[in-house]
Amino acid sequence: MDKKIYLTNNQVVLNYNKAYPKSREVLLKSNTFRVYLQHFIKTQETLYPELYNYLTQNGKYDSQEAANKFSKCLRMLSIFNMDEIESEYLEDKKSLLTVVREIYKTWRHLQRFAFIKSDSSDDFGINTLVRRDSEMNDLILRTYRLFEERIMDRPNLVYRQIQAGTNACFSIHNRDSIWSEHYSALKDIPIIDHVMLRTPMILHPKSSKRTGTFTETKVDPMTYFEGDSESFFCFPCKVGKLLCFVYFNAKYTASALSMANLFELATKEEANQKPDLILLFGNPDGKNATEFYYDETENIWLGCISDDPRIEYFGYLKKMCLTLHNLAAMQQGWLPIHGAFVNITLNDGRKKGIMLMGDSGAGKSESIEALKSVGKDVIKDIEVVFDDMGTIHIEDGIPYGQGTEIGAFIRLDDLDPGTPYRDMDRSVFMAPENPNSRMVTPAASYDVITTNHKIDLFAYANNYTNEFGLKKLTVEEVKDTCVMGKRMALGTTQEVGISTTYFANPFGPMQKQELCEPLITKVFSSLEENGTFVGEIYTHLGFDKTNRHGLDIAAHQLLEFITK
């Protein structure tokens, strides 16, 4: 992307290689600042007509002329006192102060990002990125304070050291070569190699729910890919042990960078290899589709999600990555599990691996949170292996669990009130003002999720039956329950009421049941042969998600299994 500033979709992306002001003078004189000012002036026409009239001097100037005139006034104000300047904007001191505050407020309400090329200097490192971005943050903050205090003719008495610059920044590089000529359209799209998130990062996406399903297509998305190096970036990450390249439309930079809290960012060396998975996110193809395709020649699972306002919801990005992973995993003989898996270590040193399975809203994460609460006196440590999607594979006759994500994408309403605040300093919050608000928070290291973990208990999270606690069942009973994938949907997707999804997993197993079915039989037989406890845990969340009584009973019985 060679533009200095990319301003769209309530988001701004700055190119630090083209637009990095080292001083207040350079900032206020820059074309980048005038572009933002013009954007601000246009938005005032309908939002605050009185401010629009002030800036355009009652229609005397158009938005571009007003931006030029007002930026010149600010440049003078940054050097001289009010009584030393002649400007028509200084005749109304009250409006001037209001406009300066609104310019700053509007800037901070944007989702703000910046990038720099890592191959532009030999000694580039993450510290270079952090230093530059921090200096930019400080420059904007000091500039705003200067204007406010000059107009008020007094200093502020309270100072808040907030994020006045970007919400996040990243560095990029370009590939030297492409692994196949068929994918040549991706060669020049810059690849992200470092990310810095300013957490807590609070985003306000327009969409807060995922609709529709991911479907298979027989048409290769590369034949209708419309992206280019001016409008797309690549976020290379590892989903479990698989290498995934997410080529995303710059419109959705906020969602893409949030993946740094969810998936392990690939190294620069890994990012120049051939991937196992590719996702084209925000493809301006006009299809309004969410599809996947298998490139048999290159052995790559390829997803494509069309550009549309609804895909601003992070779930589209996360779930398509997991769908592609699960399809590839089943090909390799690994069974995808939609659930949660933790290792519980007691104060006396005993350790148990607990795996709960179920579709969205069944109560998997909530059961683990309840277990933390009731077991606080006897549990020494809880190690998260996965919180949404993982796998079971058989090695030397033993079933082991592994994870896919280093973080968790959690519905805030499903957590104990204090949980989001405990982890907020590292988290990304999405639409906290809306129903189905979420947070993306780190949960485990990559080494942990890609290590084999023994499974001592496997239970289906049942939120629809009026039973209580933890119940042991036969392997065949649990297998049938899991395959049915029944739950009371809570409205976190388009579903409401009792629904069934094949193996409680609409992200791969549902679409490729012929691949999944033999793996289910093989894995459940192995669980039985290894003496794993199998059964159901009853969460009651389908009846009343605010009533935690059922969860507490289940958590106490789960703790009893672990301790005895």
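Residues numbered from 1 in each chain as written. Predicted model: local features only at pLDDT ≥ 70, side-chain atom pairs only at ≥ 80, totals over all residues. Heavy atoms only, no water.

### Here we look at the overall build of the protein chain
Short version of the rule: The helix count covers DSSP runs of H or I at least four residues long, the strand count covers runs of E at least two residues long, and both are numbered beginning at the N terminus. The globule rule used for comparison is 2.2 Å times the number of residues to the exponent 0.38, while the radius of gyration itself is calculated over C-alpha atoms. Using a 1.4 Å probe on the protein chains alone, a residue whose accessible area is under 20% of its type maximum counts as buried, one over 50% counts as exposed, and one in between counts as partly exposed.
Counting secondary structure elements, the protein chain contains 14 helices and 27 strands. A globule of 564 residues ought to have a C-alpha radius of gyration of about 24 Å, and the protein chain, at 26 Å, matches this closely. Its C-alpha atoms give the protein chain principal-axis dimensions of roughly 85 × 55 × 45 Å. For the protein chain, buried positions account for 59% of its 564 residues.

### Re the sheet that holds strand β21 (residues 438–442)
Sheet strands associate in pairs through backbone hydrogen bonding, adopting either a parallel or an antiparallel arrangement. Put simply, the test is: Each pair of strands is called paired provided DSSP finds at least two bridges between the two strands. Geometry is summarised by axes, namely lines fitted to C-alpha atoms with helices restricted to the contacting stretch, and by angles between N-to-C directions that run from 0 to 180 degrees.
An order of β6-β20-β21-β19 is seen for the four strands of this open sheet, with the pairing classed as mixed. Every other strand in the sheet has two partners, leaving β6 (201–203) and β19 (407–411) as the edge strands with one partner each. Taken over all neighbouring pairs, the strand axes of this sheet differ in orientation by 20 degrees on average, direction set aside. Of the pairings in the sheet, the one linking β6 to strand β20 (residues 428–430) comprises three bridges and is parallel in character. Its bridge partner being in β20, leucine 203 is matched across the sheet by methionine 430.

### Things to note about the environment of threonine 539
Filter applied, for reference: Contacts were defined at the residue level, with two residues in contact if any of their heavy atoms lie within 4.5 Å.
Tracing the backbone through its elements, the reader meets threonine 539 in the loop between β27 (533–538) and α14 (549–563). Overall, threonine 539 belongs to the buried group, its relative accessible area being 0%. Taking the C-alpha atoms as reference points, threonine 539 and glycine 550, separated by eleven residues in sequence, lie 5.4 Å from one another. When residues no more than four places from it in sequence are discounted, the contact partners of threonine 539 are Ala362, Gly363, Ser367, Ala461, Asn462, Asn463, Gly550 and Leu551.

### Remarks on the pattern of salt bridges
The condition is simple: Each reported salt bridge corresponds to a side-chain nitrogen of Lys or Arg within 4 Å of a carboxyl oxygen of Asp or Glu.
Tallied over the entire structure, the rule returns 20 salt bridges. With a closest N to O distance of 2.8 Å, aspartate 138 and arginine 142 form a salt bridge. With aspartate 138 and arginine 142 both in helix α6 (residues 126–152), this residue pair falls four residues apart, about one helical turn. Two residues, lysine 318 and glutamate 405, come together in a salt bridge whose shortest N-O distance is 2.3 Å. Taken together, the residues lysine 318 in helix α8 (residues 314–331) and glutamate 405 in the loop between β18 (398–403) and β19 connect sequence positions 87 residues apart.

### Considerations on empty space enclosed by the protein
In this approach a probe as big as a water molecule rolls over the atoms, and the regions it shows empty are the leftover space. Going by this rule: Grid points spaced at 1 Å over the protein atoms alone were grouped into cavities, where a 1.4 Å probe fits but cannot get out, and pockets, open sets with protein on both sides within 12 Å along at least five of seven lines, with lining residues defined by an atom within 4 Å of a point. Grid points are joined across faces, edges and corners, and a volume is the space filled by probe spheres set on the points. Residue polarity is assigned by list, with Asp, Glu, Lys and Arg as charged and Ala, Val, Leu, Ile, Met, Phe, Trp, Tyr, Cys and Pro as nonpolar; anything else, Gly included, falls into the polar class.
One pass over the structure, following the stated rule, counts three cavities of 30 Å³ or more. Put simply, the second largest cavity is a space of about 80 Å³. Lining the second largest cavity are Gln11, Gln111, Leu203, Pro205, Lys251, Tyr252, Ala254, Ser255, Glu312 and Met430. Considered class by class, the residues forming the lining of the second largest cavity number five nonpolar, three polar and two charged.

### A look at the layout of surface pockets
In this structure, the largest pocket spans a volume of roughly 560 Å³. Lining the largest pocket are 25 residues, and of these Lys105, Thr106, Arg108, His109 and Leu110 lie nearest its centre. If you list the elements that add at least two residues to the lining of the largest pocket, you get β1 (5–8), α2 (31–47), α5 (93–109), β3 (111–117) and β6. Among the elements that take part in the lining of the largest pocket, α5 stands out by supplying five residues, more than any other. Here the residues of the lining of the largest pocket sort into eight nonpolar, 13 polar and four charged.

### Points about the packing of aromatic side chains
How we decide: The criterion for an aromatic pair is that two Phe, Tyr or Trp rings (for Trp, the six-membered ring) have centres within 6.5 Å, with stacked assigned to planes under 30 degrees apart, edge-to-face to planes over 60 apart and tilted to the rest. As a reminder, the over-ring test applies to NZ of lysine and CZ of arginine, requiring each to be within 6 Å of the ring centre and within 35 degrees of the ring normal.
Scanning the entire structure with this criterion turns up 23 aromatic pairs. Taking the centre distance of 5.7 Å and the plane angle of 25 degrees together, the rings of phenylalanine 115 and phenylalanine 170 count as stacked. Taken together, the positions of phenylalanine 115 in strand β3 and phenylalanine 170 in strand β4 (residues 168–173) put the pair 55 residues apart, joining distant regions of the chain. A centroid spacing of 6.4 Å and a plane angle of 85 degrees characterise the contact between tyrosine 313 and tyrosine 316, whose relative ring orientation is edge-to-face. Members of the aromatic cluster, connected to one another through ring pairs, are Phe115, Phe170, Phe233 and Phe248. Sitting above the plane of the tyrosine 20 ring, arginine 132 keeps its charged end 5.7 Å from the centroid. For lysine 352, the ring lying beneath its charged end belongs to phenylalanine 561, and the centroid distance is 5.8 Å.

### Comments concerning the packing of helix α9 (residues 364–374) against α14
Operational definition: Any angle that is under 35 degrees is reported as roughly parallel, and any over 145 degrees as roughly antiparallel; angles of 65 to 115 degrees are reported as roughly perpendicular and all others as oblique. A crossing counts as left-handed when the near helix is turned anticlockwise from the far one by less than a right angle, and as right-handed when that turn is clockwise.
Close contact between α9 and α14 brings their axes to 8 Å; oriented N to C, the two are set at 70 degrees. With respect to each other, α9 and α14 are oriented roughly perpendicular. In this structure, the crossing between α9 and α14 has a hand that is right-handed. Counting all contacts with α9, which are made through Glu366, Ser367, Ala370, Leu371 and Val374, the residues of α14 involved are Leu551, Asp552, Ala555, His556, Leu558, Leu559 and Ile562. Taken together, the residues that form the contact of α9 with α14 break down as eight nonpolar, two polar and two charged.

### Section: a negative patch on the surface
Where we set the bar: Patches were defined on residues exceeding 30% relative accessible area and lacking a salt bridge, with like-charge contacts within 9 Å and nonpolar side-chain contacts (Val, Leu, Ile, Met, Phe, Trp, Tyr) within 5 Å. Where accessible areas are quoted, they stem from the Shrake-Rupley method and a 1.4 Å probe; at the residue level, only the protein chains shown are allowed to cover. Here the positive residues are Lys and Arg and the negative ones are Asp and Glu; neither His nor the chain ends is included. By convention, charge coordinates are those of NZ in Lys, CZ in Arg, CG in Asp, or CD in Glu.
Side chains of Glu476, Glu477, Asp480, Glu528 and Glu529 sit close together on the surface and give a patch of like negative charge. Of all the elements, helix α12 (residues 475–484) adds the most residues to the negative patch, at three residues. Along the polypeptide, glutamate 477 turns up in helix α12.

### Structural notes on the packing of α2 against helix α4 (residues 63–77)
Put simply, α2 and α4 touch, their axes get as near as 9 Å, and they point 120 degrees apart. Put simply, α2 runs oblique to α4. The hand of the α2/α4 crossing is right-handed. On the side of α2, the interface is formed by Phe33, Arg34, Leu37, Gln38, Ile41 and Lys42, while α4 contributes Ser63, Gln64, Ala66, Ala67, Asn68, Phe70, Ser71 and Leu74. The residue makeup of the contact of α2 with α4, split by class, is seven nonpolar, five polar and two charged.

### Some thoughts on the pairing of strand β13 (residues 300–306)
Across the seven residues of β13, seven count as buried, placing the element largely inside the fold. Residues of β13 alternate between two faces, with Ile300, Leu302, Cys304 and Ser306 on one and Trp301, Gly303 and Ile305 on the opposite face, all of them buried. Where strand β11 (residues 277–283) and β13 come together, six bridges link them in parallel fashion. What sits directly across from leucine 279, in β13, is glycine 303.

### Here we look at the environment of threonine 450
Counted only if it meets this: Side-chain atoms alone can form a polar contact between residues adjacent in sequence; in general such a contact is a pair of N or O atoms within 3.5 Å, and within protein one must be able to donate a hydrogen while the other accepts it.
Structurally, threonine 450 is set in the loop between α11 (446–449) and β22 (453–454). For the pair threonine 450 and threonine 404, spaced 46 residues apart in the sequence, the C-alpha separation amounts to 7.6 Å. Residues within four places of threonine 450 in sequence aside, it is in contact with Gly240, Lys241 and Gln402. At 2.8 Å, the side chain of threonine 450 forms a polar contact with the backbone oxygen of tyrosine 446.

### Here's the deal with unusual backbone geometry
Of note, the bond from threonine 199 into proline 200 is cis; its omega dihedral lies within 30 degrees of zero at 0 degrees. By secondary structure assignment, the location of proline 200 is in the loop between β5 (191–197) and β6.

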